[in-house]
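Letter by letter, the chains look like this.
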Amino acid sequence: MNVLFFGPNGSGKGTQGAILKEKYKLPHIESGAIFRVNIKGGTELGMKAKEFIDKGELVPDEITIPMILSRLQEDDCKNGWLLDGFPRNKNQAIKLDEALKAANMSLDIVVEILLDREIAKNRIMGRRLCVNDNNHPNNIFIDAIKPDGDKCRVCGGELTSRADDQDEDAIDKRHSIYYDTDTGTMASAYYFRDLAENDDSMKYITLEGKAALPDVTAELVSKL
Ligand SMILES: [Zn+2]
């Protein structure tokens, strides 16, 4: 089962991906990690990518696509994979589709988590970290895991927040790319949705991201 996963930052995409990985024993492949491995390993594509990253430029698709494809062809992907964080725009979607077809790889399922931009932003900015345990979930904007006053709802510990989660400009920038339905990430999701309409071997699944995390997981599993 080869799966492509779409969802804005703040939609719980990472968590759902991790659950799928466990349940179906699929490697969870994140595009950011592929870059890091290639750069650290000094591969030819990695070195080329690094030149662009060092200049603060976007890595061209001619480098990114082969890098991702080669990752999807590794041994641990024989029984399927779960790709997350790529494509980010419509052009990349078209090129990924071409590359998969050229490599004779199927794309079986595309998952899109639906969530309003405002809610997604609140969910990121509302995250709180318990000083006693990182695994104590607290979020001032999610009823199910709302802190107890200003203390951890699990253990009563002090709460802090990550600087990244409070960087509103950075969140807005990433969301502007994601929510762009003309050329951005949503446009790339729609590209696959349109393909799936005419291709019985490909399934396009949408999930209501507003629901509580376990309910989103249940909906996902029931639709796979
Ligand atoms: Zn706690």
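Anyway, here's the lowdown on the structure attached to this text. Here the structure is a predicted model, which means the values were calculated and not measured. (Residues numbered from 1 in each chain as written. Predicted model: local features only at pLDDT ≥ 70, side-chain atom pairs only at ≥ 80, totals over all residues. Heavy atoms only, no water.)

Bound to the zinc ion are the protein donor atoms C130 (SG), H136 (ND1), C152 (SG) and C155 (SG), situated 2.1 to 2.3 Å from the metal. Every donor counted, the four donor atoms about the zinc ion form angles of 101 to 114° at the centre, which fits tetrahedral coordination. Each donor residue of the zinc ion lies on the same chain, and together they follow the pattern C-x5-H-x15-C-x2-C. Here C152 lies in the loop between strand 6 (138-139) and strand 7 (159-160) and H136 lies in the loop between strand 5 (127-130) and strand 6, a separation of 16 residues in the sequence. Each of the two residues, H136 as well as C152, counts as buried. (Donors = N, O, S within 2.8 Å, 3.2 Å for Na, K, Ca; no water. Tetrahedral: all angles 85-135°; square planar, octahedral: opposite > 155°, others 65-115°. Helix = DSSP H or I, 4+ residues; strand = E, 2+ residues; numbered from the N terminus. Buried < 20%, exposed > 50% of the residue type's maximum accessible area, 1.4 Å probe, protein only.)

Let us look at the layout of surface pockets. Roughly 190 Å³ of volume is contained in the second largest pocket. Residue assignment for the lining of the second largest pocket shows that the elements contributing at least two residues are strand 2 (28-30), helix 2 (31-40) and helix 4 (61-72). If you tally residues by element for the lining of the second largest pocket, the top one is helix 2, at four residues. Split into classes, the residues belonging to the lining of the second largest pocket amount to five nonpolar, four polar and three charged. (1 Å grid on protein atoms, 1.4 Å probe; cavity = no way out; pocket = protein on both sides within 12 Å on 5 of 7 lines; lining within 4 Å. Points joined across faces, edges and corners; volume = space filled by probe spheres on them. Nonpolar A, V, L, I, M, F, W, Y, C, P; charged D, E, K, R; others polar.)

Mapped onto the elements of the fold, I19 is located in helix 1 (residues 13-24). Distance from I19 to T217, taken between C-alpha atoms, is 7.8 Å for residues 198 residues apart in sequence.

Take the environment of T206 next. Secondary-structure assignment places T206 in strand 8 (residues 203-208). Taking the C-alpha atoms as reference points, T206 and F6, 200 residues apart in sequence, are found 9.4 Å from one another. Those residues in contact with T206, other than ones at most four positions away along the chain, are E112, L114, E219 and K223. (Contact = heavy atoms within 4.5 Å.)

On to the sheet that holds strand 1 (residues 2-6). Two pairing modes exist for strands in a sheet, parallel and antiparallel, and in both the strands are linked by backbone hydrogen bonds. An order of 2-3-1-4-8 is seen for the five strands of this open sheet, with the pairing classed as parallel. The open sheet terminates on both sides in strands that have one partner only, identified here as strand 2 and strand 8. Looking at each pair of strands side by side, their axes are set apart by 20° on average, direction ignored. Alignment of strand 2 against strand 3 (residues 81-84), held across three bridges, turns out to be parallel. In the strand pairing of strand 3, H28 is matched with L82. Most of the contacts of helix 9 (residues 213-223) go to strand 8, to which it runs at about 160°, and overall it touches strand 1, strand 4 (109-114) and strand 8. (Pairing = 2+ DSSP bridges. Axes fitted to C-alpha atoms, helices over the stretch in contact; angles between N-to-C directions.)

Look at the link from F86 to P87: it is a cis peptide, with omega at -5°. Positive phi, normally seen in glycine, also occurs at K25, with a value near 55°. In this structure, K25 sits in the loop between helix 1 and strand 2. Residue N104 is not a glycine yet carries a positive backbone phi of 65°. Note that N104 resides in the loop between helix 5 (90-102) and strand 4. Accessibility expressed as a relative area gives 72% for N104, which makes it exposed.

Shape is all these values report; function is a separate question.
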